[in-house]
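Residue strings, one per chain:
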Amino acid sequence: MRRLAKGTVLAVWLLITLFPLYWITVTSLKPKAEIFSMPLRYWPGEVTFEHYADLFSFADFGAYLLNSLLVSLAAAAAVTVIGVLGGYTLARFSFPGRGALMLAFLVTQMIPLFIALGPLYLLMSDLGLLNHLAGLMVVYVAMLVPFATIIMRGFYERIPVALEEAAQVDGASRLAAMVRVVIPVMLPGIAATFIFAFVQCWNELFLAITFIDSEDAKTIPVAMNSFITQYDIDWGSMAAATVVSVIPTLVLFAVIRRYIVEGLTAGAVKG
Amino acid sequence: MSRAAQAARPAFTGRKARFVALCLLPGAVFVLLFTYYPMIRGAVIAFQRYNLFDITSTPFVGLDNFRAVLAEDRFWTALRNTGTWVAVSLFFQFFLGFGLALLLRRHFRGRGLYQAWVFFPWAMSGFLIGLLWRWMFNGQFGVVNDLLLKAGIIDERIGFLATPGWAMTSVIVANVWYGVTFFAIMIMAALQSVPAELYEAASVDGASRLRQFWHVTLPHIRPTLALIVLLRIIWILNFPDLIYAMTGGGPAGGTDIITTFLIQQVIGGDYGRAGAVGMLVLGLLLAFSVFYLNATRFERSR
């Protein structure tokens with residue numbers, strides 16, 4: 001009885017979760033005439049890939065994809081490294097200014113970045129970084145560093161100091177102890193942080209549409225934003241663009257999912 | 001630095017200090033330059049007349065920008081909407097997410113696959129989610145209307161995104177659908193951080209599962225939960241993406257929240273006004289954060 005109830009709840013939630021994704025995919029495969037016709041068909045009468053073809057022929061979607069990938073990977077990697085290092089020192093050392101730095105990082109989590117959108121635009125303009133992927137990247141790094149550092153610090157604090165001390169007693173330097181002993185235990189947390197950072201960058205809309213309007217530096221959200229500002233939304237192409245742009249995050253997510261849900265340091269303490 | 005000079009310093013300096021500085025410097029520099037500097041400049045601009053289309057003259061105008069903002073009805077509407085948007089979204093996200101995490105906590109066959117599918121929305125952007133639901137809530141060809149008609153719940157199609165009350169409900173539904181996953185992931189991670197020994201000890205003592213949850217699980221994960229909720233409130237507040245994509249703040253400001261309002265000011269090029277709105281939001285957020293952090297710290301030390 002209990003198992004049945006649990007199963008039913010889980011099944012209903014799965015249906016609710018998946019249906020919108022199913023619906024956008026079906027829409028992307030329907031011919032235009034069928035998208036805008038009644039009664040609604042829950043399965044395409046005729047499957048077509050014309051909307052996908054349009055994306056890559058009419059819009060330069062391949063280039064946008066590549067831009068998004070480049071910015072997100074680079075920013076996420078940088079953020080993860082910075083978080084791993086910064087989180088470690090915040091967790092393991094006490095030093096003058098530590099509290100102030102923690103507070104400075106925490107405060108950025110409280111404040112919408114949009115407060116600074118205008119001045120940030122002026123700064124990027126002064127630095128000559130408007131319409132450059134590198135410009136977008138540095139802002140993304142700044143946007144995510146506090147989160148990554150704070151989260152990493154939390155992960156380190158769950159690892160017993162004894163683990164490192166044992167390695168250091170064995171003659172390893174602090175850095176070596178960190179790399180050889182602590183980092184492997186931390187891998188799930190590091191992976192989760194990396195993915196989180198990647199997804200945030202991949203998804204980011206407002207900074208991108210503020211700083212980028214040249215064709216060759218557009219990321220996917222910027223390109224899709226120009227679809228909706230048109231008078232009439234072409235829902236076929238929109239659906240196709242949605243499906244295409246979701247694939248990379250999906251793949252990455254599926255690959256490292258195990259680490260995210262598996263928990264963070266399970267096993268390390270029990271040894 | 002010479003060896004002698006190093007040795008003369010107190011204990012903390014030297015190798016340890018260099019290591020700490022080296023580890024923290026990159027993050028600190030990025031945050032200082034690309035977050036704090038623009039924010040401080042924004043605070044100054046709030047007291048200036050600063051329009052992007054006329055930057056030759058940017059005189060200080062005292063509180064003029066603030067007065068102008070506070071005199072606008074749209075600002076107050078956005079403020080009220082923000083409260084609704086955050087509170088209702090958070091409530092459903094948290095409890096549904098917590099429920100999902102609890103259901104997924106114990107191993108069952110196919111759990112991995114189930115998680116893979118159910119956590120799927122998290123891989124999508126708020127903007128895309130917004131577009132997706134905008135299509136589903138479409139007044140004419142939307143599938144939500146079709147399903148509700150088929151189920152006999154409504155008699156005629158509703159223009160969900162064009163009707164003031166329905167528009168807010170629609171964006172919140174989309175937001176809840178999206179955010180449950182996040183909570184489930186975070187709460188599952190927190191649940192798994194509870195050492196198994198604690199449960200073993202509790203079962204030896206004969207504690208029921210409910211009591212175990214109440215006396216072992218909750219106290220252990222409460223600090224994490226507090227942090228998750230705090231961060232989430234701020235993210236929901238800073239999450240105009242979905243509203244921007246679904247309604248653009250419409251109809252007639254009916255789904256405007258404080259951050260979509262802010263973005264409209266920036267897009268409009270009036271950085272002075274945007275700065276003033278930003279300062280008002282900042283004040284609210286800081287007051288809220290201090291209050292919340294104090295309350296949770298009190299909880300913990302009790």
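In the nomenclature of an unreviewed UniProt entry, chain B is known as Multiple sugar transport system permease protein of Nonomuraea roseoviolacea subsp. carminata. Word for word, the UniProt comment on chain B under Sequence similarities (unreviewed entry) is "Belongs to the binding-protein-dependent transport system permease family." We quote the UniProt Subcellular location (unreviewed entry) comment for chain B here in full: "Cell membrane".

The name given to chain A in an unreviewed UniProt entry is Multiple sugar transport system permease protein, and the organism recorded there is Nonomuraea roseoviolacea subsp. carminata. Quoted straight from UniProt, the Subcellular location (unreviewed entry) entry for chain A says "Cell membrane". The Sequence similarities (unreviewed entry) field of the UniProt record for chain A holds the comment "Belongs to the binding-protein-dependent transport system permease family."

Peer 1: Mind laying out the overall build of chain B, listing which residues take part and the relevant values?
Peer 2: Of regular secondary structure, chain B possesses 13 helices and zero strands. When its helices and strands are written in sequence order, chain B yields α-α-α-α-α-α-α-α-α-α-α-α-α. Its C-alpha atoms give chain B a radius of gyration of 25 Å, more than 25% over the compact-globule value 19 Å for 302 residues. With 302 residues in all, chain B has 51% of them scored as buried. By sequence separation, contacts in chain B at least 24 residues apart represent 67% of the contacts at least 6 residues apart. Looking at charge distribution, chain B has the averaged site of its 25 positive side-chain charges lying 14 Å from that of its 14 negative ones.

Peer 1: I'd like to hear about the pattern of salt bridges, residue by residue, with values.
Peer 2: All names here are of chain B. Following the criterion strictly, the structure yields nine salt bridges over all chains and no others. Taking the shortest distance from any N to any O, the salt bridge between R74 and D256 comes out at 2.4 Å. Linking R74 in helix 4 (residues 73-103) with D256 in the loop between helix 11 (240-246) and helix 12 (258-267), this pair joins segments that are 182 residues apart in sequence. Residue D256 is classed as buried on the basis of its relative accessible area of 1%.

Peer 1: Residues and numbers for helix 1 (residues 2-29) of chain A, please.
Peer 2: All names here are of chain A. With 28 residues, helix 1 extends 40 Å between its outermost C-alpha atoms, agreeing within 8% with the 40 Å of an ideal straight helix rising 1.5 Å per residue. The axis of helix 1 is deflected most strongly, by about 35°, at L18, and proline P20 appears within four residues downstream. Listed as buried for helix 1 are L10, W13, T17, P20, L21, W23, I24, V26, T27, S28 and L29.

Peer 1: Any details on a nonpolar patch on the surface? Residues and values, ideally.
Peer 2: Together, I40(B), V44(B), F47(B), F60(B) and L63(B) make up an exposed nonpolar region whose accessible area comes to about 480 Å². Structurally, L63(B) is set in the loop between helix 2 (15-45) and helix 3 (64-70).

Peer 1: Which residues make up the packing of aromatic side chains, and what values do they have?
Peer 2: The full count for this structure, using the stated rule, is 32 aromatic pairs over all chains. Measuring from centroid to centroid gives 5.1 Å for W235(A) and W135(B), while their planes differ by 25°, and the two rings are stacked. Of the two residues, W235(A) sits in helix 12 (residues 235-261) while W135(B) sits in helix 6 (residues 126-136), which places them in two different chains. Judged by its relative accessible area of 6%, W235(A) falls in the buried class.

Peer 1: Which residues make up unusual backbone geometry, and what values go with them?
Peer 2: Residue and element names in this part refer to chain A. Note the cis peptide between M38 and P39, where omega equals -10°. Turning to its location among the elements, P39 is positioned in the loop between helix 2 (32-35) and helix 3 (50-57). The backbone of N131 sits at a positive phi, close to 65°, despite the residue not being glycine. Mapping N131 onto the fold places it in the loop between helix 6 (117-126) and helix 7 (133-157).

Peer 1: Quick one: what's the story with helix 3 of chain A, residue by residue and with numbers?
Peer 2: Here helix 3 of chain A has its buried residues at H51(A), Y52(A) and L55(A). All buried residues of helix 3 of chain A fall inside an arc of 105° around its axis, so they share one side.

Peer 1: Please provide a residue-by-residue account of the environment of A241(A), values included.
Peer 2: Residue and element names in this part refer to chain A. Within the element layout of this structure, A241 appears in helix 12. A relative accessible area of 0% means that A241 is categorised as buried. For the pair A241 and M143, spaced 98 residues apart in the sequence, the C-alpha separation amounts to 26 Å. Ignoring anything within four residues of it in the chain, the contact list for A241 reads L55, F61, M224 and F227.

Peer 1: Tell me about the UniProt feature "transmembrane region" (unreviewed entry) in chain A, and please be specific about residues and values.
Peer 2: Residues annotated by UniProt as "transmembrane region" (unreviewed entry) correspond here to residues 7-24, 64-88, 100-122, 134-156, 177-199 and 235-256 of chain A. The distance separating the terminal C-alpha atoms of residues 7-24 of chain A is 26 Å; by composition the span is 100% helix and 0% strand.

Peer 1: An account of the interface of chain A and chain B is needed here, citing residue identities and associated values.
Peer 2: Many authors give the size of an interface as the accessible area that is lost as the parts come together. Contacts between chain A and chain B engage 91 residues on the former and 90 residues on the latter. Carbon and sulfur atoms supply 81% of the area buried between chain A and chain B, which totals about 8,400 Å² over both sides. If you look at where chain A meets chain B, you find one salt bridge. Note that D126(A) and R41(B) form a salt bridge whose closest N and O atoms lie 3.9 Å from each other. Summed over the shared surface of chain A and chain B, the number is eight residue pairs in polar contact (both at pLDDT 80 or more). The element best represented in the side of chain A that touches chain B is helix 1 of chain A, accounting for 16 residues. Of the residues that constitute the side of chain A that touches chain B, the class distribution is 68 nonpolar, 15 polar and eight charged.

Calculation rules
Numbering of residues starts from 1 in each chain and follows the order in which that chain's sequence is written. Chain letters start at A and ligand numbers start at 1, both assigned in the order the entries are written. The predicted nature of this model means local features are confined to residues of pLDDT at least 70 and side-chain atom pairs, given and counted, to a pLDDT of 80 or more, with totals for whole chains, interfaces and linings taken over all residues. Hydrogen atoms and water are omitted, and side-chain values are computed over all heavy atoms in the structure. UniProt positions are given in the numbering used here, feature names are shortened, and annotations may be inferred rather than shown by experiment. To qualify as a helix, a DSSP run of H or I must reach at least 4 residues; to qualify as a strand, a run of E must reach at least 2; elements of each kind are numbered from the N terminus. Atoms counted for the radius of gyration: C-alpha only. Globule rule: 2.2 Å times residue count to the power 0.38. A simple rule labels every residue: compare its accessible area, found with a 1.4 Å probe on the protein chains alone, to the largest value its type can have, and call it buried under 20%, exposed over 50%, or partly exposed in between. Every residue pair with non-hydrogen atoms within 4.5 Å of one another is taken to be in contact. Positive charges come from Lys and Arg alone, negative charges from Asp and Glu alone, with His and the N- and C-terminal ends not counted. Positions of charges follow a simple convention, taking NZ of Lys, CZ of Arg, CG of Asp or CD of Glu. Salt bridge, as used here: a side-chain nitrogen of Lys or Arg that lies within 4 Å of a carboxyl oxygen of Asp or Glu. What a helix should span is 1.5 Å times the count of its residues minus one. Here the bend at a residue is taken as the angle between two axes, fitted respectively to the seven residues that end there and the seven that start there. Patches here are clusters of residues that have more than 30% relative accessible area and form no salt bridge, with a 9 Å joining cutoff for like charges and a 5 Å cutoff for nonpolar side chains (Val, Leu, Ile, Met, Phe, Trp, Tyr). Each accessible area is a Shrake-Rupley result for a 1.4 Å probe, and residues are judged covered by the shown protein chains and nothing else. Here is the rule: rings of Phe, Tyr and Trp (six-membered ring for Trp) pair when centre to centre is within 6.5 Å. Planes less than 30 degrees apart are stacked, more than 60 are edge-to-face, and the remainder are tilted. For this quantity, the arc is that covered by the directions from the helix axis to the C-beta atoms. Two parts placed together each lose some accessible area under a 1.4 Å probe, and adding up what both lose gives the buried area. Throughout this description, a polar contact denotes any pair of N or O atoms lying within 3.5 Å of each other; where both atoms belong to protein, one of them has to be capable of donating a hydrogen while the other can accept it, and for residues adjacent in sequence the pair is counted only when both atoms sit in side chains. Residues are sorted three ways: Asp, Glu, Lys and Arg are charged, Ala, Val, Leu, Ile, Met, Phe, Trp, Tyr, Cys and Pro are nonpolar, and all the rest, Gly among them, are polar.

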